[in-house]
Amino acid sequence: MDLISIENLSYEVAGARILSDISVTLPKGGVTALIGPNGAGKSSLFSHVARLLPLQTGRISVDDLAVKPSNRRALSRKLAILPQQVHFATRLTVRELIQFGRYPHCQGSLKADDYAMVDVALAAFELTPLADRFLDTLSGGQRHKAHVAMIYAQDTDYLLLDEPLNNLDIAASRTLMALLRRLADDEGKTVVIVLHDINFAAQYADHLVVLKSGRIEREGKPSDLVTEALLSEVYSTDAQVAMVGDTPFVVP
Amino acid sequence: MRARSTLICAMLLALSCVLFMTLGAKGNWDFVLWFRGRKLAALLIVGAAVSTATVLFQTISRNHILTPSIMGFDALYTLIVALVVFSIGAAGFNHLPSEFVFFAHISLLIGAALILFGTLIGQHRTDLMRMVLTGIIFGVLFRSLSSFIYRMIDPSEFATIQVNSYARFNYIDLNLLWISAGLTFVTLSLSWQMRRQLDVLGLGFEMATNLGEPVARRQKQALILVAILVAVSTALVGPVAFLGLLVVSIARLISPNETHAVLIPLSALIAGIVLVAGQTILERVLGLSTPLAVVIDFVGGFVFLTLLLRKGWI
Amino acid sequence: MQRHSTALFLAVGILVLAAISVFVGVISLRPETVFHDRDALGLVLDSRLPRTFATLIAGAALAVCGMIMQMLVRNRFVEPMTAGTGQGAALGILVVTLFLPGASIFVKMSLATATALVSSLGFLLIVRRLPPSQPLLVPLVAILYGGIIGAGVTFVAYQADMLQFIDTWLNGDFSGVMRGRYELLWIAAVVAALTYLIADQFAIVGLGREASVNLGLNYDQVMILGLLAVSVVSALTVITVGAIPFVGLIVPNIISRRCGDNLRATLPLTALCGAMLVLSSDIVGRIVRYPFEIPVGTILGVLGAGVFLWLLYSGPKHAR
């Protein structure tokens, strides 16, 4: 089946339960946002699907491919992940970074179609003029775009991003979300994104999964879910919800 | 640009080797060839082993100011020697055949390295830092223990057991050359084969996992190679703390490209130049009696500090 | 309360150990004879008592300086003897011995302090460049840095054929302590005691520059004073008895874990604990292979390394 399926996932650290028996399916296609208050377990859930954390209990599979170490290579061609913080010691140009995105396909020996894909990625993210600049000479926003371009070049069905908007200003955030939207709409990719800003989730996501205290509280469409009732039950706050067009908007 | 750097270094190395062999050579040419040739081979082997071990280690630890030699593996060997001497006496120890001692030395070092690396319980950098620090402290501990044991054995002597605190490039046991050469060659080929995977590893745990690499396993593989290389070079000439650092820092400086396909051979070349040219200059040109290792540690350390301060290199 | 019980324990411990220290040695001494026998009394006054004082002062001063350095660098795993200050002092002494052999002890001391200060400043400059997210990088760089300076000292010593000398400076040993040969250490004691006057300021500096400025402190001034104190004590220790490793590292950590970091309260405890540690190590060194002596540097090398490892692996996990 074409989706990400999570069954009975639990996660404990030093006696504290971070995730309790989570079972959910993330649909293929469109943009799915994982939201929830601080400490809900969103990043932990992300890390499990991204196979950054080993499974303690439960099962996760992506398009029927089980998430476990032996499927590592196949998974890297199926889903691409962008964690919250990426900083590395090696000096790379933008092009070199994006070329790494082709590694799951060519193991480092790039062929013509790999180079072509890199050029496509550069163009899609408007990075072509910066292609031969070193990453540390770019601004934070540009660097971030380069990283997204890299996972785009990985050419996977699924893209997972963990709070990518954290250090971006409003313009850069909107650009990135619009880009992800376009990837989902025009290229049929499935984007799963962890967000803490509920308004961006409401505006750009097709499907929301709400977590609280390590459990799935609700899931569904933003227009159905983002209500004052949700805010008071899950977030324990009594903010107002207004409608802008058909999109709900939480007044901060 | 980088091809040119490598080419220049290769030529410099060739020049250094020629000078090493010919400068101040007296007497029978056959003898000189044999005697100096073996020493040259030893220097080249040690250079390549140390530089490659450092490159691999820096990639795994994602840090450009570390080197595996600082983890004091040699100190463990010194301690074992002290214990052996304590039990069977110095004379008994000197009777042991050198090949046996060499193999025991290498096995011990590899074993210790693996145990130490086995404490690497996570991919988090903190664990790696802690492991390196542990290695260093164990080095201090073992050195102090050895000093302690020697004092217990013979306290009347002013314990001048410098216990190989510096490498001796001058008195290399050339019997062990073939074994070292073989081991180094095999390990270097394996490292070379891993070069692309090492590039990916250098991107960090998350990115490497994203691209499908088994990070923990690759780290252990690379660390085993590091252990062997460090063991061989230490067994052959003793501890060489800053040689790797010095050489790899220079390589990074002159080559803008940091892929392992370039870094590994370039560092090896530079290491060869430093050792061969260094030994030649020190011995033949300046006629100094200071051991090369002391000079390298001093100069290497100084260069490294300057780099650290200027570039804030990590 | 933790602090009171610790203080009591330490004070009593030191008194007992000091008594033992006076009576342990190559020449056997019995308590009764001391007051009757002129020679015995002479021995006590010329050798045993000075040695006891020297160990107490060195231990206390080094522990206090270790604590101060940890506040200045904002890292728990550094101490002057292994972070370049001690080696810097040795370099200074070496240089002055080579180029100004007739210089007075005051000149030697000043130069050693100056080189120690420069080394410490260098270390601070480097530490500023390190990413704060990796606290363990600091002790690592510290040890490397100290090793480099040590290599420099060895290099110069090799050239000048003075290897045996640097051994006395780089390896702490109290066996040569006699009346008339150790008095400089009292200066170290005074300096260490003076730091107590600004103990609070050191504690605030330990919170960082922003916090210090926020609380109206002259951050740079406190840093300089701290470094100066550390350098003076290190230089004096190296000149008189040689480098004594690890005391400045493990004692502040032990006290901090037991009693917290309110320096005004804990600095005296740190001093007491350091004094007791070095004194007991010296006594052990005198007993274990009686009548020969094992230098305190070796004993502490083993003990200190072991405790350091324990500190590394126990206690609160570092923030990631």
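Residues numbered from 1 in each chain as written. Chains lettered and ligands numbered in written order. Predicted model: local features only at pLDDT ≥ 70, side-chain atom pairs only at ≥ 80, totals over all residues. Heavy atoms only, no water.

Asks: Describe the nonpolar core, and please don't skip the residues or the numbers.
Replies: The biggest cluster of nonpolar side chains holds 288 residues, and the ones touching the most others in it are Leu160 of chain A, Val132 of chain B together with Phe123 of chain C. Apart from residues lying up to four places away in sequence, Phe123 of chain C is in contact with Met69, Val73, Val78, Ala83, Val138, Ala142 and Tyr145 of chain C. (Core = buried A, V, L, I, M, F, W, Y, C linked by side-chain atoms within 4.5 Å. Buried < 20%, exposed > 50% of the residue type's maximum accessible area, 1.4 Å probe, protein only. Contact = heavy atoms within 4.5 Å.)

Asks: Outline the pattern of salt bridges, listing residues and values.
Replies: Enumeration according to the criterion identifies 19 salt bridges over all chains in this entry. Because the salt bridges share partners, they merge into one network encompassing Lys28, Asp63, Lys78 and Asp157 of chain A. (Salt bridge = Lys/Arg side-chain N within 4 Å of Asp/Glu carboxyl O.)

Asks: Help me get a handle on the sheet that holds strand β5 (residues 65–66) of chain A, residues and values and all.
Replies: All names here are of chain A. Taken in spatial order, the four strands of this open sheet run β2-β1-β4-β5, and their pairing is antiparallel. For this open sheet the edge positions go to β2 (16–27) and β5, each flanked by a neighbour on one side alone. Relative to β5, strand β4 (residues 57–62) runs antiparallel, the two being bridged by two bridges. Counted as the bridge partner of Val62 is Leu65 from β5. Contacts from helix α1 (residues 42–49) reach β1 (3–13), β2 and β4 within the one sheet, and its direction differs from that of β1 by about 120°. (Pairing = 2+ DSSP bridges. Helix = DSSP H or I, 4+ residues; strand = E, 2+ residues; numbered from the N terminus. Axes fitted to C-alpha atoms, helices over the stretch in contact; angles between N-to-C directions.)

Asks: Just give me the short version of the side chain of Asp282 of chain C, but keep the residues and values in it.
Replies: All names here are of chain C. Within the fold, Asp282 resides in helix α13 (residues 263–287). The class of Asp282 is buried, set by a relative accessible area of 2%. The contacts of Asp282, once residues within four sequence positions are left out, are Arg51, Thr55, Phe174 and Val296.

Asks: Which residues make up the environment of Pro222 of chain A, and what are the values?
Replies: Residue and element names in this part refer to chain A. Secondary-structure assignment places Pro222 in helix α9 (residues 222–225). Looking at Pro222, the relative accessible area reads 7%, which means it is buried. C-alpha of Pro222 to C-alpha of Leu52: the two residues are 170 residues apart in sequence and 28 Å apart in space. Sequence-distant contacts of Pro222, defined by excluding residues within four places in its chain, comprise Ala201, Ala202, Ala205, Asp206, His207, Leu208 and Pro248.

Asks: Let's hear about the pairing of strand β8 (residues 190–194) of chain A: which residues, and what values?
Replies: Residues and elements named next belong to chain A. Extensive coverage of β8 is indicated by the burial of five of its five residues. Judged by which residues are buried, β8 turns out to be covered on both faces: Thr190, Val192 and Val194 on one side and Val191 and Ile193 on the other are all buried. Pairing of strand β3 (residues 30–35) with β8, which is carried by five bridges, proceeds in the parallel orientation. Note on β8: the bridge partner recorded for Gly30 is Thr190. Viewed along the sheet, the connection from strand β7 (residues 158–162) through helix α7 (residues 170–187) into β8 turns out right-handed. (Right-handed = clockwise from strand over helix to strand, strands pointing away.)

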